[in-house]
Amino acid sequence: MTDPRGFLEDKVEPGAPTGEHNEFVLAMIPYEETTTYGKGTARAPEAIVDASGHVELFDEVLHLDASRHGILTLRPDITNLDSITRSAREIRAAHPDALLGFVGGEHSITPALIAGVAREEMGVVWIDAHADLRRSFHGSEQNHACAGYHSMKFGPIVQIGIRTLAEEEWELLKTTDRVTQFREWGAAAAAAIDALPDDIYITMDADGFSPEVVRAVGTPEPGGLYWQDVMDCLDHVFRKKNVFAFDTVELCPHDDDLASSFTIARLVYKTMAYHAYHRLNAR
Ligand SMILES: [Mn+2]
């Protein structure tokens, strides 16, 4: 709570990153309890804030500066998943109209966050290499490999980038219409998103990207989404739906891999830019 830096605040030539009224509220959630292979996602939020100081404020595609709508950076006091839910609920109550962004942290934070901000009727867009549909993993239902399973109760999920599956997950997929999966971004995935309820939560696991794009993840899976795929997906979701919150999870920053941290910082800001383009500027 003592670190005063905000997303984009360290820029050499800052624009107006934090206004009096903030359309964007970013909360740092450095939670890591159950990762099993590459570790370090607890350090992701600050690596992303560091990298954000080097992100260009102007969007080269949408021709706008999302930071002019105001970005507030919060570091809630979190100790466990219950405190994450509580913090998310408090942030939602304090900023009812802002687009909320949560910067993780491991993927188990996603159902905890959704529990705090859920709408009555909502859908989830899930970018990931993994389905995360296990009921429990390594003896725990709170494992990051179970995040999807625990998010299903809040609404239907469209997963994109999925390219590894446990047999247990495959069996579950045959019996539920709650989760729809796509290996790639394309017309079929776009149509599945169209069929979701209007209110949308987006979760973006860094390993949804190809390791060619983001390599610093706990479980790098071959194949995966390219940068433009994810941009096209975000453009589609914000064009068609009312996105009320998003998260980015599972980056495991390395000092010798600035590209991965920078790419996720850029992803966070791009998400805000699409919201500004399709929602704020259109008002
Ligand atoms: Mn994953």
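Residues numbered from 1 in each chain as written. Predicted model: local features only at pLDDT ≥ 70, side-chain atom pairs only at ≥ 80, totals over all residues. Heavy atoms only, no water.

K.L.:
Quick question: what am I supposed to make of the coordination of the manganese ion here?
P.N.:
Ideal geometry at a metal gives 109.5 degrees between four tetrahedral donors and either 90 or 180 degrees between six octahedral ones. Distances from the manganese ion to its protein donors, Asp-128 (OD), His-130 (ND1), Asp-205 (OD), Asp-207 (OD) and Asp-207 (OD), fall at 2.2 to 2.7 Å. Within one chain, the residues serving as donors to the manganese ion are arranged as D-x1-H-x74-D-x1-D. One end of the pair, Asp-128, is in the loop between strand E4 (122-127) and helix H4 (147-151); the other, Asp-207, is in the loop between strand E7 (199-205) and helix H7 (227-240), with 79 residues separating them in the sequence. Since its relative accessible area comes to 0%, Asp-128 is described here as buried. Relative accessible area serves as the criterion here: at 4%, Asp-207 is assigned to the buried category. (Donors = N, O, S within 2.8 Å, 3.2 Å for Na, K, Ca; no water. Helix = DSSP H or I, 4+ residues; strand = E, 2+ residues; numbered from the N terminus. Buried < 20%, exposed > 50% of the residue type's maximum accessible area, 1.4 Å probe, protein only.)

K.L.:
Mind showing me how you'd approach the layout of surface pockets here?
P.N.:
Approximately 290 Å³ is the volume found for the largest pocket. What lines the largest pocket is a set of 19 residues, and nearest its centre among them are His-130, Asp-132, Arg-134, Ala-145 and Thr-219. (1 Å grid on protein atoms, 1.4 Å probe; cavity = no way out; pocket = protein on both sides within 12 Å on 5 of 7 lines; lining within 4 Å. Points joined across faces, edges and corners; volume = space filled by probe spheres on them.)

K.L.:
When you look at the pairing of strand E2 (residues 71-74) in this model, what are you seeing that I'm missing?
P.N.:
Looking down a regular strand, the side chains alternate between one sheet face and the other. Side chains Ile-71 and Thr-73 of E2 all project onto a buried face; the interleaved residues Leu-72 and Leu-74 project onto a face where none is buried. Across four bridges, strand E1 (residues 24-29) lies against E2 in parallel orientation. Opposite Leu-26, over in E2, you have Thr-73 as the bridge partner. In the classification by handedness, the crossover that spans E1, the intervening helix H1 (residues 44-52) and the parallel E2 is right-handed. (Pairing = 2+ DSSP bridges. Right-handed = clockwise from strand over helix to strand, strands pointing away.)

K.L.:
Just checking my understanding: could you explain unusual backbone geometry for this structure?
P.N.:
Trans peptide bonds make up the majority, and among non-glycine residues the majority have a negative phi. The amide bond that connects Gly-104 to the next residue, Gly-105, takes the cis arrangement and shows omega of 15°. Note on placement: Gly-105 falls in the loop between strand E3 (99-104) and helix H3 (109-117). Even without a glycine there, the phi angle at Glu-250 is positive, about 75°. One can find Glu-250 in the loop between strand E8 (242-249) and helix H8 (258-280).

K.L.:
Hey, could you run me through the side chain of His-278 in this one?
P.N.:
By secondary structure assignment, the location of His-278 is in helix H8. With residues near it in sequence (within four places) discarded, His-278 still touches Asp-235, Phe-238 and Arg-239. (Contact = heavy atoms within 4.5 Å.)

K.L.:
Help me understand the sheet that holds strand E6 (residues 179-182) in this model?
P.N.:
Sheet strands pair via backbone hydrogen bonds, and the direction of the pair is either parallel or antiparallel. Strand order in the open sheet made by the eight strands is E2-E1-E3-E8-E7-E4-E5-E6, with parallel pairing throughout. Each having just a single partner strand, E2 and E6 make up the two edges of the open sheet. The mean angle between the axes of side-by-side strands here comes to 15°, regardless of whether they run parallel or antiparallel. Inspection of the sheet shows E4 paired to strand E5 (residues 157-160) by four bridges, in the parallel sense. Bridging across to E5, Val-124 finds its partner in Ile-157. Its contacts with the sheet put H8 on E1, E2, E3, E7 and E8, and the angle it makes with E8 is roughly 175°. (Axes fitted to C-alpha atoms, helices over the stretch in contact; angles between N-to-C directions.)

K.L.:
Looking at this structure, I do not really get the pattern of salt bridges. What am I missing?
P.N.:
Pairing between side chains becomes possible if they bear opposite charge and their charged atoms approach one another. Overall, the coordinates contain twelve salt bridges when judged by the stated rule. Among the salt bridges present, the one from Glu-46 reaches Arg-5, with a minimum N-O distance of 3.0 Å. Of this pair, Glu-46 sits in helix H1 while Arg-5 sits in the segment before E1, placing them 41 residues apart in sequence. (Salt bridge = Lys/Arg side-chain N within 4 Å of Asp/Glu carboxyl O.)

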